[in-house]
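What the coordinates show
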Amino acid sequence: MNSIARRDRYEDIYGAFSWNIPARYNIATDVCDRHADADDTRVALIGEDSAGKTWTMSFRHVQRQANRLANLLVSLGLQRGDRVMLLMVQDPWVAIGHIACWKAGLVSLPCSVLFGPDAVAYRLDHAGVRVVITDSANLPKVIEARDKAPSVEKVFLVDGADAQAEHLDKALEPARDAFTTVDTGADDPAFFNFTSGTTGNPKGALQPHRSMLGHLPGLEFMFEFFPQPRDVMWSPADWAWLAGLMAVLMPAWYHGVPVVTSRAMRFDPDQACALMARHQVRTALLTPTALRMMRQVKDPLAMGVDLRVVLSGGEAVGKELHEWAGATLKTTINEGFGQTECNLVLGNCASVMPVRPGSLGRPAPGHVCAIVDDQGRELKAGEIGHIAVRRPDPVMMLEYWNNPKATAEKYIGDWLITGDLGSVDDDGYFWFQGRADDIITSSGYRIGPTEIEDALTRHPAVMLAAVVGVPDPVRTESIKAFLVLRKDFVASPELVEEIRGFVRERLAKHEVPREIEFLDALPMTTTGKVLRRELRDAEKKKVADGGGA
């Protein structure tokens, strides 16, 4: 077993855990076949049709469809290690597609529907994808992207047919619903996700089958000893995002817990609360941005929302959000930390350790984390350095696809360097300071944006905030804040001064933004992370064009 033991103290949970990674392992067996074989009726997915009627799908149905798809892919000549792209929203065929690929020894490649043709083409070509499974809404971008991706041989549509794409249902008609899962090693490639592109071009992080087991202790810890009776899982996070796939969908299926699907392209807080209430969602992964938007919902509990625990991450969760969740949702936010290359390695479990708002928590069972300098030396408490994870670690990627240079640069000795800066306190709690390239250097101070953003969003007018350093001839950089206001608030010079004074009361003088600009929306990655780089680059361009800072 790679599950955590239930104990009353963090130290006992961490100390009692040890990895048990078998030499031969296939994800599909663990997350699908064993449930399907044990109980024909066990529910895997819950969703709603276009009329709002609820449907359910059993593990047995998933298994049969995955077997048929695996047979189809093999019949096309795909061989172990070949890549298949899954380009849809939270569609059952995405989940089935992953299972089918793993059964056949293929490598699945989830891709977000938010990407345009150029981004899709880059991923198709870079990964050498042979087959694409998509839907009618995304077919045009696939057709356009295919011109730049000669490796693509077949495109299947899950909801129709086209001159350039075959209807998947029709193609599956002759396929048998029995398939013998190939014998794969724990280190054999299973899937890969592209990094979110917060710094430079996205890289393909190739993940092995063991990654499933590597995710379990962190997921179980941060979801308060998951699973618990009546647990139902949901997240608006696209399954193309590693967090959606491996911190929601597959760990829930590993434990036989139903997952709610939703296909909304944009997060609507009222609709999200209504969905969670209808399907009695007990565990949810919600980004800090989504939680801040949910503050606009008047009374989630009256709607029927009954969350046992929320896992959040991607950006720091501040004190204000923790307080709001406790008071309004009557639930706990456990903040977790990880990245595409090495996920769920730090986190909180409120029932066994005090949550310190804004902290990333402590190392999840099985993972060894530290703050290190540029030479890989561990730093003392309070010193800012790289947040790092020691290898070997089952949740760690195999490599960046076809990029040995970037793979080598990801490590300093045996430490995987996350690219995030942080510190650790005397009690072993980790604190995020920002991306290495997000750190602001002003008047000799090194300033992380997170604490300032947290202070800004505590002001009643502010819904979202992003803080960057902009060129300053005297200070090197000065602090500029970009804000999205809540409804019923109007931007004005008076509001700027009020917000600046609000921050001044809470933070050090050198952390108060010198400039504040109001925006309708912040630039974000498809995973809901603020792209401070875009804001910073725009400000640099202004200076270069003579506009000043």
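Chains are numbered independently. Their residues run from 1 in the order of the written sequence. Side-chain atom pairs in this predicted model are given and counted only at pLDDT of 80 or more, local residue features only at pLDDT of at least 70, and totals for whole chains, interfaces and linings cover all residues. Water and hydrogen atoms were dropped before computing side-chain values, which therefore reflect all heavy atoms in the structure.

Quick word on helix H17 (residues 532–544)
Working definition: helices are DSSP H or I runs of at least four residues, strands are E runs of at least two. Numbering for both runs from the N terminus. Helix span is expected to be 1.5 Å times the residue number reduced by one. With 13 residues, H17 extends 18 Å from end C-alpha to end C-alpha; this agrees with the ideal 18 Å at 1.5 Å per step. Within the sequence span of H17, burial applies to Arg532, Leu535, Arg536 and Glu539. An end-on view of H17 places all buried positions within 95° of arc, on one side of the element. Set apart from the buried face of H17 by more than 90 degrees, the exposed residues are Lys541 and Ala544. Whether two residues are in contact is decided by their heavy atoms, any of which lying within 4.5 Å being enough. Packed against the buried residues of H17 are helix H15 (449–457), strand S25 (462–472), strand S26 (476–485) and strand S27 (515–518). Glycine 546 lies just past H17 and shows a positive phi near 90°. Partly exposed describes any residue whose relative accessible area lies between the buried limit of under 20% and the exposed limit of over 50%, with all areas from a 1.4 Å probe on protein chains only and scaled to the type maximum. Think of it as the arc spanned by the lines of direction from the helix axis to the C-beta atoms.

A closer look at the environment of alanine 44
Within the secondary structure, alanine 44 is located in strand S1 (residues 43–48). Once the C-alpha coordinates of alanine 44 and aspartate 231 are considered, the two residues, 187 residues apart in sequence, prove to be 12 Å apart. With sequence-adjacent residues up to four places away left out, alanine 44 is seen in contact with Met57, Ser58, Phe59, Val62, Trp253, Val257, Pro258 and Val259.

With respect to the pairing of strand S5 (residues 131–134)
Alternating positions in S5 separate into two faces, Val131 and Ile133 on one and Val132 and Thr134 on the other, with burial throughout. One ladder, built from four bridges, connects strand S3 (residues 83–87) with S5; its direction is parallel. Paired with leucine 87 across the two strands is threonine 134, which belongs to S5. At least two DSSP bridges between two strands are needed for those strands to be called paired. Note that S5 and strand S6 (residues 154–157) share four bridges and pair parallel.

Focus on the packing of aromatic side chains
Pairing of aromatic rings covers Phe, Tyr and Trp, the last through its six-membered ring, and needs centres within 6.5 Å; plane angles under 30 degrees mean stacked, over 60 mean edge-to-face, and all others mean tilted. For the structure shown, the criterion picks out nine aromatic pairs. The ring of tyrosine 254 is capped by arginine 34, whose NZ or CZ atom sits 4.7 Å from the centre of that ring. Sitting over a ring, as applied to charges here, requires NZ of Lys or CZ of Arg to be within 6 Å of the ring centre and within 35 degrees of the ring normal. The ring of tyrosine 429 has arginine 356 sitting right over it, with the charged end atom 4.2 Å from the ring centre.

Regarding the packing of helix H2 (residues 27–38) against helix H4 (residues 92–103)
Lines fitted to C-alpha atoms define the axes, with helix axes restricted to the stretch in contact, and inter-axis angles between N-to-C directions lie between 0 and 180 degrees. It is at 9 Å that the axes of H2 and H4 come closest, and there the two elements cross at 130°. As judged from the angle between their axes, H2 and H4 are oblique. For the crossing formed where H2 meets H4, the hand is left-handed. In this structure, H2 contributes Ile27, Ala28, Val31, Cys32 and Asp33 to the contact, and H4 contributes Ile99, Trp102 and Lys103. Only Asp, Glu, Lys and Arg are considered charged in this grouping, and only Ala, Val, Leu, Ile, Met, Phe, Trp, Tyr, Cys and Pro are considered nonpolar; every other residue, Gly among them, is considered polar. Looking at the contact of H2 with H4, its residues break down into six nonpolar, no polar and two charged. We call two directions roughly parallel when the angle between them is under 35 degrees, roughly antiparallel when it is over 145, roughly perpendicular when it lies between 65 and 115, and oblique otherwise. Take the far helix as the reference: if the near one is turned anticlockwise from it by less than a right angle, the crossing is left-handed, and if turned clockwise, right-handed.

Some points on the environment of aspartate 270
Relative to the elements of secondary structure, aspartate 270 occurs in helix H10 (residues 269–278). Taking relative accessible area as the criterion, aspartate 270 reaches 43% and is therefore assigned partly exposed. Expressed as a C-alpha distance, the spacing of aspartate 270 and lysine 298, which sit 28 residues apart in the sequence, is 9.0 Å. Residues within four places of aspartate 270 in sequence aside, it is in contact with Val297 and Met303.

A closer look at unusual backbone geometry
The omega torsion across phenylalanine 226 and proline 227 is 0°, close enough to zero to call that bond cis. Here proline 227 is to be found in the loop between helix H8 (211–222) and strand S10 (233–234). At the junction of arginine 391 and proline 392, the peptide bond is cis and its omega measures out at 0° in the coordinates. Looking at the secondary structure, you find proline 392 in the loop between strand S18 (385–390) and strand S19 (399–400). Positive phi is not limited to glycine here, since arginine 230 has a value of about 75°. Inspection of the secondary structure puts arginine 230 in the loop between H8 and S10.

So, the pattern of salt bridges
For this document, the term salt bridge refers to a Lys or Arg side-chain nitrogen within 4 Å of an Asp or Glu carboxyl oxygen. Counted according to the given criterion, the structure contains 32 salt bridges. Across the pair aspartate 414 and arginine 391 runs a salt bridge whose closest N-O atoms are separated by 3.4 Å. A residue pair is termed long-range when its members are at least 10 positions apart, and aspartate 414 in the loop between strand S20 (411–412) and strand S21 (415–424) and arginine 391 in the loop between S18 and S19 qualify at 23 residues. On the basis of relative accessible area, arginine 391 is assigned to the partly exposed category, the value being 33%. Glutamate 517 serves as the salt-bridge partner of lysine 542, at 3.9 Å between the closest nitrogen and oxygen. Of the two residues, lysine 542 sits in helix H17 while glutamate 517 sits in strand S27, which places them 25 residues apart along the sequence. Assessed through its relative accessible area of 37%, lysine 542 is described here as partly exposed.

Keep in mind that these numbers describe shape and distance, not what the molecule does.
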